[in-house]
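Here's the letter readout for the chains.
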Amino acid sequence: MAAKLQGPFDDAIARTEAALKTEGFGVISRIDIQQTLKSKIDVDFRPYTILGACNPGLAHEALQVEDKVGLMLPCNVIVQQYGSGEVEVAAIDPVASMQAIDNPELTKAAQVVRDKLSRVIELLRQGASE
C-alpha cells in the first residue's frame, strides 16, 4: 500500500502522521535512516524515515488473541524521498505479515488494521491530487 506525494519531505511526514491520526494511530517510534546511516557508517542516503504506527485499542485486541503478535508491532510506515522530488509513503500489509502466525482470530484482527491503513494511504493519495 503506497501513495506518491509532491512537496517537502518534512511536510509528507506531517501529512502522514495527521492521516494516521484520523484512523486512531499514533506514531510511537521514528527511525531516521538517513541520519542513522550517516552517523553509523558515514554513508549519504536520501531522506528516509520509518514511522512505527500504533492503534492502542487494536494492538490490545491483537495481544489478547495472540501474545507473540508483539513481534510484529508497531505497524511500519515508511516515508522516502526520491531524486525527482517525489515522496512515497508506504504501509506494511498487516494481513500478509500476520500469516507468519497461524491464528485465524489474528488474521481477522489484521484485516481491520489493513482496512484502516488502506484508508490512510487513500487519504494521502487524495490530498496529493488536490
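Residues numbered from 1 in each chain as written. Predicted model: local features only at pLDDT ≥ 70, side-chain atom pairs only at ≥ 80, totals over all residues. Heavy atoms only, no water.

1. A short note on the side chain of Lys116
Tracing the sequence through the fold places Lys116 in helix H5 (residues 104-129). Leave out the neighbours within four places in its chain, and Lys116 touches Glu23, Phe25, Asn55 and Leu58. (Helix = DSSP H or I, 4+ residues; strand = E, 2+ residues; numbered from the N terminus. Contact = heavy atoms within 4.5 Å.)

2. Concerning the pattern of salt bridges
Close approach of charged atoms lets side chains of opposite charge pair. In the structure shown here, the tally under the stated rule is ten salt bridges. Between Glu23 and Arg119 there is a salt bridge, with its nearest N and O atoms 3.0 Å apart. Of the two residues, Glu23 sits in the loop between helix H1 (9-22) and strand E2 (26-32) while Arg119 sits in helix H5, which places them 96 residues apart along the sequence. Its relative accessible area of 14% is what places Glu23 among the buried residues. (Salt bridge = Lys/Arg side-chain N within 4 Å of Asp/Glu carboxyl O. Buried < 20%, exposed > 50% of the residue type's maximum accessible area, 1.4 Å probe, protein only.)

3. Structural notes on the UniProt feature "domain: DUF302" (unreviewed entry) in the chain
Here, UniProt's "domain: DUF302" (unreviewed entry) annotation points to residues 31-94. Helix makes up 31% of residues 31-94 and strand 34%, and the two end C-alpha atoms of the span are 19 Å apart. (UniProt positions renumbered as here; feature names shortened; annotations may be inferred.)

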